[in-house]
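Residues per chain are reported as follows:
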Amino acid sequence: MPTTAPETLTPVKASAVVSGLTAAGFKCGTDEAYAICTSGAASVSILNGDQARPPVVSVNAAGPADTASDAIAKVLPKVLEIAHISQPQEITSWFGAQKGKAESEMTAGDWLVSYAAEADTEEPGVHLTVTDKLCKTNCQAE
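Small disclaimer: the values here were computed from a predicted structure and weren't measured.

Asker: Pulling in residues and values, what's your account of the state of the cysteines?
Answerer: With the rule as written, the count across this model stands at two disulfides. Between the sulfur of Cys-28 and that of Cys-37 lies a disulfide, 2.1 Å long from S to S. Since a negative S-S torsion denotes a left-handed disulfide, the Cys-28-Cys-37 link at about 115 degrees is right-handed. Note that Cys-135 is cross-linked by a disulfide to Cys-139, the S-S spacing being 2.1 Å. With the S-S bond torsion at -95 degrees, the cross-link from Cys-135 to Cys-139 turns out left-handed. Exposure class is identical for Cys-135 and Cys-139. Each is buried. Among the cysteines of the chain that take part in disulfides, numbered as they appear in the sequence, the pairing is 1-2, 3-4.

Structural data, given as structure tokens:
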């Protein structure tokens, strides 16, 4: 009998997410507290650390909101899969429904998902940030 309970995924450390993204064709490097992996116009920021799973995974793209959203949508399913973030289909569908909004949030299992689109700034773009609600220490970059 099918269930709608969220899938429980084995936690993976930030370094394993970076290795997985590299294997998937992303180009990765580091920027202080974050590993930054890019594919096309999208970049993925993973907060480094020794937590059981990355406390913050952020997918970003610069440019007009529609273009930036399309760039994120191309990589989002793979990023969620590699980072072992639960409820990837729900997050991906929700992200697709955010076009035209400035910002919004949702919860998917143990993750807080935040969407922001910046239009009238020096660096317009779209940001999707997934934060581990279970993280207790070293959960944000200093």
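Asker: Before we move on, can you summarise the packing of aromatic side chains with the specific residues and values?
Answerer: Per the stated rule, a full pass over the model turns up one aromatic pair. A ring pair is formed by Phe-95 and Tyr-115, whose centres lie 5.9 Å apart and whose planes are at 65 degrees; its orientation type is edge-to-face. In this pair, Phe-95 is assigned in helix H3 (residues 88–96) and Tyr-115 in strand S6 (residues 111–118), connecting sequence segments 20 residues apart. Judged by relative accessible area, Tyr-115 falls into the buried class, the value being 3%.

Asker: Residues and numbers for the nonpolar core, please.
Answerer: Among the nonpolar cores identified, the biggest contains 35 residues, and Leu-21, Val-44, Ile-46, Val-79, Ile-85 and Val-113 are the most heavily contacted of them. Among the elements that take part in this core, helix H2 (residues 65–82) stands out by supplying eight residues, more than any other. If near-sequence neighbours (up to four positions away) are discounted, Val-113 is found in contact with Ile-91, Trp-94, Ser-104, Glu-105, Met-106, Ala-108, Leu-128, Thr-129 and Val-130.

Asker: An account of H3 is requested, with residue identities and associated values reported.
Answerer: All buried positions along H3 are accounted for by Pro-88, Ile-91, Trp-94 and Phe-95. For H3, the buried positions fall inside an angular range of 130 degrees around the axis, keeping them on one side. Exposed positions of H3 whose direction lies more than 90 degrees from the buried face are Gln-89 and Ser-93. Residues of H3 that are buried in the fold lie against H2, strand S5 (103–108), S6 and strand S7 (125–132).

Asker: Lay out the pattern of salt bridges in plain terms, naming residues and giving numbers.
Answerer: Tallied over the entire structure, the rule returns four salt bridges. Arg-53 is paired through a salt bridge with Asp-110; the nearest N and O atoms lie 3.7 Å apart. In this pair, Arg-53 is assigned in the loop between strand S3 (42–47) and strand S4 (56–62) and Asp-110 in the loop between S5 and S6, connecting sequence segments 57 residues apart. For Asp-70, the salt bridge goes to Lys-99, with nearest N and O atoms at 2.9 Å. Taken together, the residues span a long stretch of sequence, with Asp-70 in helix H2 and Lys-99 in the loop between H3 and S5 at a distance of 29 residues. Classification of Asp-70 as partly exposed rests on a relative accessible area of 38%.

Asker: Describe in detail unusual backbone geometry, supporting the description with residues and values.
Answerer: Its identity as a non-glycine residue notwithstanding, Glu-32 has a phi of 60 degrees, on the positive side. For Glu-32, a relative accessible area of 79% gives the class exposed. Unlike most non-glycine residues, Gln-87 shows phi in positive territory, near 60 degrees. Its location among the elements puts Gln-87 in the loop between H2 and H3. A relative accessible area of 17% places Gln-87 in the buried class.

Definitions and cut-offs
Residues numbered from 1 in each chain as written. Predicted model: local features only at pLDDT ≥ 70, side-chain atom pairs only at ≥ 80, totals over all residues. Heavy atoms only, no water. Disulfide = S-S within 2.5 Å. Buried < 20%, exposed > 50% of the residue type's maximum accessible area, 1.4 Å probe, protein only. Phe/Tyr/Trp six-rings, centres within 6.5 Å; stacked < 30°, edge-to-face > 60°. Helix = DSSP H or I, 4+ residues; strand = E, 2+ residues; numbered from the N terminus. Core = buried A, V, L, I, M, F, W, Y, C linked by side-chain atoms within 4.5 Å. Contact = heavy atoms within 4.5 Å. Arc of directions from axis to C-beta. Salt bridge = Lys/Arg side-chain N within 4 Å of Asp/Glu carboxyl O.

Read these as geometric descriptors, not functional statements.
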